[in-house]
Amino acid sequence: MAMAWTSPKTWTSEPLTSVDLNTYVRDNQNHLKDRIDSSVSTVVSGSRNYSTTATEWVDVDPKALALTLQTHGGDVLLGFTGAVSHNGDSKVTYFNVAVDGNDYFSDDGVTQFNNASHNDRFRFKPISIVVMIPSLSPGSHVFKLRWKTLSGNASAMDIKTTHPQFWAKEI
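Residues numbered from 1 in each chain as written. Predicted model: local features only at pLDDT ≥ 70, side-chain atom pairs only at ≥ 80, totals over all residues. Heavy atoms only, no water.

### As for the overall build of the chain
Counted only if it meets this: Secondary structure elements follow DSSP: runs of H or I no shorter than four residues count as helices, runs of E no shorter than two count as strands, and numbering proceeds from the N terminus. We call two residues in contact whenever any of their non-hydrogen atoms come within 4.5 Å of each other. Here the accessible surface of atoms and residues is derived via Shrake-Rupley with a 1.4 Å probe, and residues count as covered only by protein chains that are part of the display.
For the chain, the count of helices and strands is one helix and twelve strands. In sequence order, the secondary structure elements of the chain are arranged as α-β-β-β-β-β-β-β-β-β-β-β-β. For the chain, the share of sequence-separated contacts (at least 6 apart) that also reach a separation of at least 24 residues comes to 81%. Carbon and sulfur atoms make up 52% of the accessible area of the chain, which amounts to about 9400 Å² in all.

Rendered as structure tokens:
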């Protein structure tokens, strides 16, 4: 069970007790340590790459790229590193994160991946995302990596040779 933070006491001339020490020193240090330790991550590998032609937000992988984190109330950093490709020139893949089933960004997501030239078609290129979710309430939260593409576009994510990592850390 995670410890809750107790606002520090303003000391006067009263005697110091073990209850005070436990509440204001031990328990608050445990609370701070619990927050430092509060993180989850996953690394994905498999025999088939992920792919999508969806033009609306969909989970990249609703199980393997979904994280559950118990938070204490505060900011959470989310990160993703992987490799993405397209089927044609000047195609775009958009990335988003969902927090507890809700897309965090309501427009075209946190970032996009764009092939610039004919030579980039079907080549996996690296992508990295870091997002801060501020002031998340205490409790259990589910984070999912999501993506979409433009009409007529097929996007792929390499999980055979470049193993994507998705992580969440309360800060």
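### Some thoughts on the nonpolar core
What counts here: Here, nonpolar core refers to any group of buried Ala, Val, Leu, Ile, Met, Phe, Trp, Tyr and Cys residues whose side-chain atoms link them within 4.5 Å. Relative accessibility decides the category of a residue: with a 1.4 Å probe and only protein chains considered, values under 20% of the type maximum give buried, values over 50% give exposed, and everything between is partly exposed.
Core analysis: the largest hydrophobic core is formed by 26 residues, its most contacted members being Tyr50, Val76, Phe95, Phe143, Leu145, Met157 and Phe166. Listed by contribution, the elements that provide at least two residues to this core are β4 (66–71), β5 (74–86), β6 (92–99), β9 (125–136), β10 (139–149) and β12 (165–170).

### Re the environment of Val44
Its location among the elements puts Val44 in the loop between β1 (39–43) and β2 (50–52). A relative accessible area of 4% means that Val44 is categorised as buried. Residues Val44 and Asp61, spaced 17 residues apart in sequence, show a C-alpha to C-alpha distance of 9.7 Å. Discounting chain neighbours no more than four positions away, the residues touching Val44 are Tyr50, Ala64, Leu65, Ile159, His163 and Pro164.

### Overview of the pairing of β4
The condition is simple: Two strands pair under a simple rule: DSSP has to find at least two bridges between them.
Residues Leu67, Leu69 and Thr71 line the buried face of β4, whereas the alternating positions Ala66, Thr68 and Gln70 sit on a face that is not buried. Bridge count for β4 against β10 is six bridges, and the pairing is antiparallel. Among the inter-strand pairings, Leu69 is bridged to a residue of β10, identified as His141.

### Comments concerning the packing of aromatic side chains
As a reminder, the rule being used: Put simply, two rings from Phe, Tyr or Trp (the six-membered ring, in Trp's case) pair if the centres are within 6.5 Å, and we call them stacked under 30 degrees between planes, edge-to-face over 60, tilted for the rest. In this scheme, Lys NZ or Arg CZ marks a charge over a ring once it lies within 6 Å of the ring centre and within 35 degrees of the ring normal.
Per the counting criterion, the structure on display carries four aromatic pairs. Seen in terms of ring centroids, Phe80 and Phe95 are 6.2 Å apart; in terms of plane orientation they differ by 25°. Their pairing is stacked. Highlighted residues: Phe80 in strand β5 and Phe95 in strand β6, separated in sequence by 15 residues. Considered together, Phe80 and Phe95 belong to a single accessibility category, that of buried residues. Here the aromatic rings of Tyr104 and Phe105 are separated by 5.0 Å at their centres, their planes lie at 90°, and the arrangement is edge-to-face. Residue Phe105 is classed as partly exposed on the basis of its relative accessible area of 26%. Every member of this aromatic cluster is reached through a ring pair, and the members are Phe80, Phe95 and Trp147. Seen from the ring of Tyr94, Lys148 lies directly overhead, with NZ or CZ sitting 5.7 Å from the centre.

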